[in-house]
Structures are given as C-alpha cells and as structure tokens.
Amino acid sequence: MSIDKMGVIGGGLMGSGIAEVCARTGIDVTVAEVNSQAAQAARERIDSSLNRAEARGKIDSSERQKVLERIHVTDNLNDVAESDLVVEAASEDERTKLELFEQLGKILVKDTAILVSNTSSIPIVKLGAASQRADRVMGVHFFNPVPVMKLVELIPSLTTSDETMERMRAFVAEQLDKEPIEATDRAGFVVNSLLVPYLLSAIRMYEAGYASAADIDRGMVLGCGHPMGPLALSDFIGLDTIRAIGLSMYEEFKEPMYSPPPLLERMVEAGLLGTKTKQGFYGYDK
Ligand code: NAD
C-alpha cells in the first residue's frame, strides 16, 4: 500500500525539507502551517531549496516545476483530511503536538491513514493516545537537512501496530530511498541521546570561558574529523529546538547532563536561535 497523498504539519526547517523530499518522489503533498504568513514562509523555504538543488544540477528546471506543483501550502489543517500519511513536524512543544494529534485523529478520513511525528524527544505513546487511533501512530524522525541526510529513525510505541511499522519501513526505505534504523520510544531515541549531551557540554564549555566558540568548533572539526563543530551545529539545528529536546530528555531521565545550561536559556529568550534568526553563536547575515 504505497503513499500517494500526504500531509506535513509545520513547514519550518524540517517540514519544508520533508515536503520537498516526498514531492520529489512523486507524492502529492499538502503542508499545513499556523497562519498565512507562516504558510508563505514555508513556500519560500521550499522554493529556495529547490532553486539550490537546480543550481547544483540535482534536478532540472522542468522537474523543479513539477515538484512545486505537487506541493500545496495551506493555513487550514482540514486540507490534509484525505491523506494516506500525515507527518507532524511542528515546533518541539508537547502541548502543541498533543493538540495537533487530537485534531488530526478526528480530521483524517481514511481508516488506513497513518499519523507520524518527527518529534526528537516527546513520547510517541502520548501522541498516539491523544489521536484516539494509537495503532496507526508512530515516530518517523528525519535528519536535517532532509534532502541530504539518509538516516531516518523509526519509533514504534507500545501501542503501534506491526502493520503500521512495516508500512513506514517500506515507505522510508523503498519510496524515499532513505536508511531506517529502529529505536524504542525513549526521549532522544538513538541519535539525540548521544548528540544532545555533547552539544550541551560544548555550550557549557563556551559559557565557562574555556575557549572561544570558533576554537571549540575547530577543535572538534580538526581534532575529531567532525564535518561541523558543536556550536555551529547547534545554530544549524536551532537553539530553541535543542533546548526543548534537552528539557524533554531531562524530564524523562532526570540526568543533569540533559538540562539546558543558563546561556542556552538566555539565548532562546533573546530570540538568538541560530541560522533561522540569523544570529546564534555566530552571525549569518551574509
Ligand atoms: P522550526 O521552528 O523550523 O519549524 C516549526 C514550524 O512549525 C514553524 O514553521 C511553526 O510555524 C510550525 N507550527 C507550530 N505550531 C503549529 C501548528 N499548530 N500547526 C502547524 N504548524 C505549526 O522547527 P524544526 O526544526 O522544523 O522542528 C520541527 C520538528 O522536527 C520538531 O519536533 C523537532 O524536534 C524535529 N526535528 C528537528 C531537527 C532539526 O535539526 N531542527 C531535526 C530532526 C527533528
């Protein structure tokens, strides 16, 4: 049972990437945002990513046009009602996601439709319960930037059916040509359980004045062969998202290493969120 028509909730960094990747495989995609301004921003994000793909020779202009025609952007959640699959990629906030799952559980019309979350850390079992159709809910966690990163974590909850898991495994591996790994429903899954404490440690190191941001990053790039240092990577992921993931992981495990340091809190309060606001540990005006 292939996915022909899907919805993506939230057209930010991740939702716009998920929409692009899925539309490039021929799927008809509707992206739902909170209001018309956010919907317009999502459309522009997708346009500029496709322009970059064309400039790099990954797609030609007629393919770019076809992909754009397959993506509909809306500020009305009801427009995803006919979907075979909905991927929720709204902000990492438990209340927002619970409300969305409750609404989507009522909106989706097909009995076979699957509802998944791209959350990095919020328990999938709670989202399933909110939707009232828990057997057809699971986590499908993409990586940033979605058009480039091959990995997808698949997270069945205690209430996800085997059929839902197998349909999502086939969707990710065969329709999207990505590499799935399976993780249990624990905040952070596999990758963020290892990555987030590392990023938070780098922020604590910078906050304590061990070294400049540039030297911390150069240390990990040149000393460990990482493609990007931890502070540049934090800017790229979004400091609000890292804070939210850290809080969920702290809530789950009560380990101090997951707790966001004060500097991260202050930067988020100041709206210094990284590349998406053009200022984080570094400036991104140019
Ligand atoms: P983002 O801030 O770039 O985008 C979130 C979008 O959700 C915004 O455009 C916002 O307007 C929209 N939104 C908020 N409430 C909504 C609602 N009720 N209905 C529709 N849209 C709504 O965040 P992001 O980085 O794209 O993260 C989205 C999700 O993906 C989070 O759960 C995050 O944990 C996860 N994730 C993020 C990354 C990353 O590197 N940033 C990687 C993997 C997974």
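You'll find the structure just up there.
None of these values were measured; they are calculated from a predicted model. (Residues numbered from 1 in each chain as written. Predicted model: local features only at pLDDT ≥ 70, side-chain atom pairs only at ≥ 80, totals over all residues. Heavy atoms only, no water.)

Regarding its fold elements, the protein chain presents 11 helices and eight strands. Here the protein chain has a C-alpha radius of gyration of 19 Å; the compact-globule value for 286 residues is 19 Å, and the two agree. The principal-axis extents of the C-alpha atoms in the protein chain amount to approximately 55 × 45 × 35 Å. Counting all 286 residues of the protein chain, 49% fall into the buried class. In the protein chain, the proportion of contacts linking residues at least 24 apart, taken out of those at least 6 apart, comes to 67%. Carbon and sulfur atoms make up 51% of the accessible area of the protein chain, which amounts to about 13500 Å² in all. If the 30 positive side-chain charges of the protein chain are averaged to one point and the 42 negative ones to another, these points end up 3 Å apart. (Helix = DSSP H or I, 4+ residues; strand = E, 2+ residues; numbered from the N terminus. Rg over C-alpha atoms; globule rule 2.2 N^0.38 Å. Buried < 20%, exposed > 50% of the residue type's maximum accessible area, 1.4 Å probe, protein only. Contact = heavy atoms within 4.5 Å. Areas by Shrake-Rupley, 256 points an atom, 1.4 Å probe, with all protein chains shown as cover. Lys, Arg positive; Asp, Glu negative; His and termini not counted. Charge placed at Lys NZ, Arg CZ, Asp CG, Glu CD.)

Mapped onto the fold, Leu233 is located in helix H9 (residues 230–237). Separated by 129 residues in sequence, Leu233 and Leu104 place their C-alpha atoms 32 Å apart.

Summed over all chains, the structure comprises 16 salt bridges. One salt bridge connects Glu54 with Arg64, and the closest N-O pair in it is separated by 2.6 Å. Of the two residues, Glu54 sits in helix H2 (residues 36–55) while Arg64 sits in helix H3 (residues 61–70), which places them 10 residues apart along the sequence. Looking at Glu54, the relative accessible area reads 27%, which means it is partly exposed. Here Arg64 falls in the buried class, since its relative accessible area comes to 19%. In this structure, Asp240 and Lys276 form a salt bridge, with 3.0 Å as the shortest nitrogen-oxygen distance. Note that Asp240 is positioned in helix H10 (residues 239–253) and Lys276 in the segment after helix H11 (262–269), a separation of 36 residues in sequence. On the basis of relative accessibility, which here comes to 25%, the residue Asp240 falls in the partly exposed class. Since its relative accessible area comes to 43%, Lys276 is described here as partly exposed. Among the charged side chains, a network of salt bridges with common partners joins Glu88, Glu92 and Lys97. (Salt bridge = Lys/Arg side-chain N within 4 Å of Asp/Glu carboxyl O.)

Ranked by size, the top nonpolar core spans 35 residues in total, and within it Met6, Met168 and Phe171 carry the most contacts. Top contributing element to this core by residue count: helix H1 (residues 13–24), with six residues. Sequence-distant contacts of Met6, defined by excluding residues within four places in its chain, comprise Ile18, Cys22, Ile27, Asp28, Val29, Thr30, Ser83, Leu85, Val87 and Phe171. In this structure, Ile9, Leu77, Ala81 and Ala183 belong to the second largest nonpolar core, which totals 22 residues. (Core = buried A, V, L, I, M, F, W, Y, C linked by side-chain atoms within 4.5 Å.)

Further remarks concern the site of the ligand. Residues in contact with the ligand amount to 24 residues; listed here are only the nearest, Met14, Glu33, Glu92, Lys97 and Ser120. At 2.8 Å, a backbone N or O of Met14 approaches an oxygen atom of the ligand. Ala90 places a main-chain nitrogen or oxygen 3.4 Å from an oxygen atom of the ligand. Protein coverage of the free-state accessible area of the ligand, which is 830 Å², stands at 86%. Broken down by secondary-structure element, the contributors of at least two residues to the shell around the ligand are H1, helix H4 (94–107) and strand S6 (137–142). Grouping the amino acids of the shell around the ligand by side-chain chemistry returns 10 nonpolar, 10 polar and four charged. (Near = heavy atom within 4 Å. Polar contact = N/O pair within 3.5 Å; in protein donor to acceptor, adjacent residues only side chain to side chain. Nonpolar A, V, L, I, M, F, W, Y, C, P; charged D, E, K, R; others polar.)

Turning to the pairing of strand S1 (residues 5–9), a few remarks are in order. On a regular strand, each side chain points to the face opposite its neighbour's, so the side chains alternate between the two faces of the sheet. By the criterion of burial, S1 is predominantly enclosed, with four of the five residues buried. Direction of pairing for S1 relative to strand S2 (residues 28–32): parallel, over a ladder of five bridges. Residue pairing in the sheet places Met6 in a bridge with Val29 of S2. Inspection of the sheet shows S1 paired to strand S4 (residues 85–88) by four bridges, in the parallel sense. Among the inter-strand pairings, Gly7 is bridged to a residue of S4, identified as Val86. (Pairing = 2+ DSSP bridges.)

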